[in-house]
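Reading the structure
Spelled out from the first residue to the last, the chains are:
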Amino acid sequence: MTTDSIRNTAQNAAQRELLALLVQAVGAAHVLTDPDVTEQYRRDMQPLVGAGRPLAVVRPACTSEVAAVIAACTRHGVPVVPRGAGSGMTGAANAQDGAVTILTSRMTAILTIDAAAGYAVVQPGVITLDLIRAAEAAGMFYAPDPTSSDWCTIGGNLANGSGGPHGSKYGVTADAVLALEVVLASGRVLATGRHTLKGVTGYDLNRLFVGSEGTLGFITQATLRLTRRRPALTTAVAAFASVEEAGRAVTDFIATGQSLALLEIMDQSCFAAVETHLGSRLLDEGGTPAAVLFAQSDSGTRAELAAFEDAARANGAILSFQTDDPAEGEMIMGYWRGLEAALEPLGTWILHEVTVPRDRLAALILSAADIAAETGVFVGVHGHAQDGTVHPMIVYRPDAESASERAGQAYRLILQAALDLGGPVTGEHGIGRMKTEYLADALGEVGLEVHRAIKAALDPGGTFNPGSMFSFGPEERRTS
């Protein structure tokens, strides 16, 4: 028997032993190894990042099962990849060859909604929109609302530090976290945070794990802040003949000190696609506007939208309209929500994410148009004008010559344009496997060393999601 065959035999025996432990932990029905079945869990929504083939996909139902799975994987030196719904856009949940992907699809319980104390306790597989609706039914409001809230999960939101249209006024996911339950690489369970509104005992471990992209631990339960239900929304829309005018309207509104529940921007390329998809034009005459702003207020007064309309008109808006009628508001926001469906017929789309200072929004949108012309792929911009986080949409035909390469070029050029305008590497989607090459420059040498030290302390064997966010190869691991 050759050395290679001996090694392969030992490896196969170790894999069989691990699989037996996984079955023991969660049951045979929840350890998936058929490649035709596991294929659907190999990647997230980022088509430009590679994905491996997992040894198994495991579906635990509770914290103790997660702990047993992770402890077994750590003992066998097999990495784990936490995965929610796969709605991410950075490859952070992509499978790795020979690793175990752990799904949260059976951890979907909303355990508590305490309206009096203002919090909810949930498992990580809860769909974000389900929590929003459950909170509303209890007379409460859960603020974080990623655009994919109808299918993304709370666990994914926590892992990526997700934001959304309400982020500027109400904060992002991290701002809603009161406490977490986290399984560490050893299989031990860590409780962080508190249920009270205040608490400064020790380090803020909530913030450490939120946004860590599954590289430090597996979140199995979260206690999330709720607020009282908001007044009815009022909605406004403003259209502009130039991107620069729309950008100035945003900064002029922000200068008033008012804060809208939502202030979104969409450029001409995106809006034209939506108009075609819906078969409805915003303007009776004058064609598709160069930029459109969508605004919603939940203050219960007209002050915020009055300030918004004043800023829009002062900057040459060719349309300015507001309504407190829910049906009209839904019709207006239908243009905003219709974008992804509008882009589907055009090819494969990539939802990029960049953040810039709010007074540089127009410059970023104009740069995106130049990049579209340079690369020959569709690039349109929409996003959260009030906090400067926008989502350039890259659309390409995979079967076209060099299309994927040109889409990748557009992705990098957009990110560089945002960095040149003073933006960070990411505002709400995270690093994943798509932006790792930019992390060192963003953090600096000392910052990266601190990240590696934290990783080494909590996950010395490199069990959790290796290759996501930053490398942590065998030469950097230590034995515990």
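Computed from a predicted model, the values in this text were never measured in an experiment.

Some points on the overall build of the chain
Regarding its fold elements, the chain presents 16 helices and 19 strands. The C-alpha atoms of the chain give 23 Å as radius of gyration, which agrees with the globular expectation for 480 residues (23 Å, within 12%). Taking the principal axes of the C-alpha coordinates as reference, the chain spans close to 80 × 60 × 45 Å. In the chain, which comprises 480 residues, the proportion classed as buried is 53%. Nonlocal contacts in the chain, meaning residues at least 24 apart in sequence, comprise 72% of its contacts between residues at least 6 apart. Surface accessibility of the chain: about 20,200 Å² in total, with carbon and sulfur atoms responsible for 52%. Within the chain, the 52 negative side-chain charges are centred at a point lying 7 Å from the centre of the 35 positive side-chain charges.

Observations concerning the pairing of strand E10 (residues 218–225)
Regular strands show a simple pattern: their side chains alternate between the two faces of the sheet. Burial runs high along E10: 6 of the 8 residues are buried. Both strand E6 (residues 119–122) and E10 contribute to a ladder of 4 bridges, which runs antiparallel. From the neighbouring strand, Tyr119 faces E10, where its bridge partner is Arg225. Judged from the 6 bridges that link them, strand E8 (residues 177–183) and E10 form a sheet pairing that is antiparallel.

Focus on the environment of Gly187
Within the fold, Gly187 resides in the loop between E8 and strand E9 (189–193). In the structure, Gly187 is positioned 52 residues away from Ala135 in sequence and 32 Å away in space, judged by C-alpha atoms.

Brief notes about the layout of surface pockets
A volume near 1,000 Å³ is recorded for the largest pocket. Lining the largest pocket are 36 residues, and of these Asp145, His166, Gln296, Glu330 and Arg337 lie nearest its centre. Within the residue set of the lining of the largest pocket, elements represented by two or more residues are helix H4 (128–137), strand E7 (140–141), helix H12 (326–337) and helix H13 (339–343). Looking at the lining of the largest pocket element by element, the count peaks at 6 residues for H12. Space inside the second largest pocket adds up to approximately 700 Å³. Forming the walls of the second largest pocket are 43 residues, and the residues nearest its centre are Ser87, Gly88, Gly156, Asn160 and Ser162.

Basis of the calculations
Residues numbered from 1 in each chain as written. Predicted model: local features only at pLDDT ≥ 70, side-chain atom pairs only at ≥ 80, totals over all residues. Heavy atoms only, no water. Helix = DSSP H or I, 4+ residues; strand = E, 2+ residues; numbered from the N terminus. Rg over C-alpha atoms; globule rule 2.2 N^0.38 Å. Buried < 20%, exposed > 50% of the residue type's maximum accessible area, 1.4 Å probe, protein only. Contact = heavy atoms within 4.5 Å. Areas by Shrake-Rupley, 256 points an atom, 1.4 Å probe, with all protein chains shown as cover. Lys, Arg positive; Asp, Glu negative; His and termini not counted. Charge placed at Lys NZ, Arg CZ, Asp CG, Glu CD. Pairing = 2+ DSSP bridges. 1 Å grid on protein atoms, 1.4 Å probe; cavity = no way out; pocket = protein on both sides within 12 Å on 5 of 7 lines; lining within 4 Å. Points joined across faces, edges and corners; volume = space filled by probe spheres on them.

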